[in-house]
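Remarks on the overall topology
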Amino acid sequence: MDDNKLNIAITGESGSGKSTFVNAFRGVSDDDERAAPTGVTESSMDPKPYFHPKNPNVILWDFPGIGTLKYPADEYLEGVKFEKYDFFIIMSDTRFRENDVKLAREIQRMKKKFYFVRSKIDNDINAEKRKKNFNKERTLTKIRDDCVKRLRGLGFESPQVFLVSSFKLLRYDFNLLHQTFYKDLPKNKRIILLSTFYKINPEIIRKKKQTLKSKIKYYALGSGAGAAVPLPGLSVAVDAAVLVGAVTNFVHAFGLDIPTLQRLSARTGVSYADLCAVIISPLAAGEITTELLLKVIAQLGSIAALIATEEVSRFIPIIGIPLSLGLSFTTTYKILKLILTELPDDAHRVFERVLV
Ligand SMILES: Nc1nc2c(ncn2[C@@H]2O[C@H](COP(=O)(O)OP(=O)(O)OP(=O)(O)O)[C@@H](O)[C@H]2O)c(=O)[nH]1
Ligand SMILES: [Mg+2]
């Protein structure tokens, strides 16, 4: 097995929605040229690899339908190279059958993980909606219980079944399924999966820090368009709009904005509160306002130290701005530089937190 790759096997009966799931998982539409063909029965016995667009080391293997006349289950199982896959998804669009259980047992015997997925849940919900007294949660519970009961009947003690729709991927149990196999993976494989939905890693953090650092002087130069706010205890005023804009960009660049952290939490199963608990900067995971910035600036240490240093005053003659503006430029520059030392550390801590 390749340590640098994540191989996910998608198995199940013919027509259960495997190829459609392979596409949905990768965020590829069914008519995309990279898509696995759907609505057609595959004629080949071999599983086909489909690479994740965000990281080609994540490979979804689209299996042919198990248990067709052409490929009886036993013959099918003989051909599967179990050791090659990190885990298996066993998909059914109705009830799990003998063949699904045979497959699950074989996977278990080979000491690999598998997850039962009941597919096309949108169809079930739409059909139930036509009835009086429709209740979504009750319908979902009924389908789940039914699958579990059935699997128990086929000899599985306490199976977990995930209800998924590839047409409405983010509804139902997809996130729970994702969290579950994410948690079950070893750390080195989690990093690979993480890269498909989270653009932050130590290398990217380092590069972004460098790029943003080189941009600070341009941000500071942009001062003047917005309202100037006097800094507490200092005669110099800085442009609030520039500061808010720059810091908002920083926070987004390091994935420390609320939507990114929420998405990260939904996919990894690490709670949003747990992610926030490792964040130190008050600027992350919140709305950046002038008031908040002023508060943070007041805590940045000696405010007086924000005033011109040799390093910054180098720029002033080059840019040719008068000294009064230069002071504001210098101060903005220094503030942004200090903030830029804090946020990357938070990004590192969040990254580490979702891997343990
Ligand atoms: N409503 C609904 N239809 C789905 C869903 N997933 C798949 N389908 C439909 O079910 C049919 C079969 O889907 P495929 O993805 O081709 O099934 P498969 O398991 O790959 O089939 P084989 O390759 O023949 O084994 C297609 O018409 C899909 O559009 C879903 O989540 N919801
Ligand atoms: Mg298929």
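In this text the structure is predicted, and so the values were computed from the model without any measurement. (Residues numbered from 1 in each chain as written. Chains lettered and ligands numbered in written order. Predicted model: local features only at pLDDT ≥ 70, side-chain atom pairs only at ≥ 80, totals over all residues. Heavy atoms only, no water.)

**Things to note about the site of ligand 1**
Around ligand 1, the surrounding shell holds 20 residues, and the nearest of these are Lys18, Ser19, Thr20, Gly39 and Asp122. Side-chain polar atom of Ser19 to an oxygen atom of ligand 1: 2.7 Å apart, as the coordinates give it. In this structure, a nitrogen atom belonging to ligand 1 sits 2.8 Å away from a side-chain N or O atom of Asp122. Surface burial for ligand 1 is 85%, taken as the share of its 650 Å² of free accessible area covered by protein chains. Among the elements of the structure, helix H1 (18–26) and helix H4 (121–129) are those that each provide at least two residues to the shell around ligand 1. In terms of residue count, the dominant contributor to the shell around ligand 1 is H1 (three residues). Residues belonging to the shell around ligand 1 are distributed by class as follows: two nonpolar, 13 polar and five charged. (Near = heavy atom within 4 Å. Polar contact = N/O pair within 3.5 Å; in protein donor to acceptor, adjacent residues only side chain to side chain. Areas by Shrake-Rupley, 256 points an atom, 1.4 Å probe, with all protein chains shown as cover. Helix = DSSP H or I, 4+ residues; strand = E, 2+ residues; numbered from the N terminus. Nonpolar A, V, L, I, M, F, W, Y, C, P; charged D, E, K, R; others polar.)

**Considerations on the packing of helix H8 (residues 202–221) against helix H9 (residues 240–253)**
The N-to-C vectors of H8 and H9 enclose an angle of 170 degrees; their axes lie 12 Å apart at closest approach. In terms of orientation, H8 and H9 fall into the roughly antiparallel class. Between H8, through Lys208, Leu212, Ile216 and Tyr219, and H9, the contact on the second element is made entirely by Val242, Ala246, Asn249, Phe250 and Ala253. Of the residues assigned to the contact of H8 with H9, the class counts are seven nonpolar, one polar and one charged. (Axes fitted to C-alpha atoms, helices over the stretch in contact; angles between N-to-C directions. Parallel < 35°, antiparallel > 145°, perpendicular 65-115°, else oblique. Contact = heavy atoms within 4.5 Å.)

**Details of the pattern of salt bridges**
Under the definition given, this model contains 14 salt bridges. The shortest N-O distance in the salt bridge between Asp274 and Arg353 comes to 3.5 Å. Here Asp274 is found in helix H11 (residues 272–277), whereas its partner Arg353 is found in helix H15 (residues 323–355), with 79 residues between them in sequence. The exposure class of Asp274 is partly exposed, given its relative accessible area of 34%. Residue Arg353 is classed as partly exposed on the basis of its relative accessible area of 24%. Via salt bridges that share partners, Glu203, Arg206 and Lys207 belong to a single interconnected network. (Salt bridge = Lys/Arg side-chain N within 4 Å of Asp/Glu carboxyl O. Buried < 20%, exposed > 50% of the residue type's maximum accessible area, 1.4 Å probe, protein only.)

**Some words on the packing of aromatic side chains**
Enumeration according to the criterion identifies 18 aromatic pairs in this entry. Between Phe87 and Tyr115 the ring centres are 5.5 Å apart and the planes differ by 85 degrees, which places this aromatic pair in the edge-to-face class. Taken together, the residues span a long stretch of sequence, with Phe87 in strand E4 (residues 87–92) and Tyr115 in strand E5 (residues 113–118) at a distance of 28 residues. The exposure class of Phe87 is buried, given its relative accessible area of 1%. Ring geometry for Phe87 versus Phe181: centroids 4.5 Å apart, planes at 25 degrees, classification stacked. Here the residue Phe87 occupies a position in strand E4, and Phe181 occupies one in helix H6 (residues 174–184), the gap between them amounting to 94 residues. Taken as a pair, Phe87 and Phe181 share a single burial class, namely buried. Here a set of aromatic residues connected by ring pairs shows up, and it is made of Phe21, Phe25, Phe87, Tyr115, Phe162, Phe174 and Phe181. (Phe/Tyr/Trp six-rings, centres within 6.5 Å; stacked < 30°, edge-to-face > 60°.)

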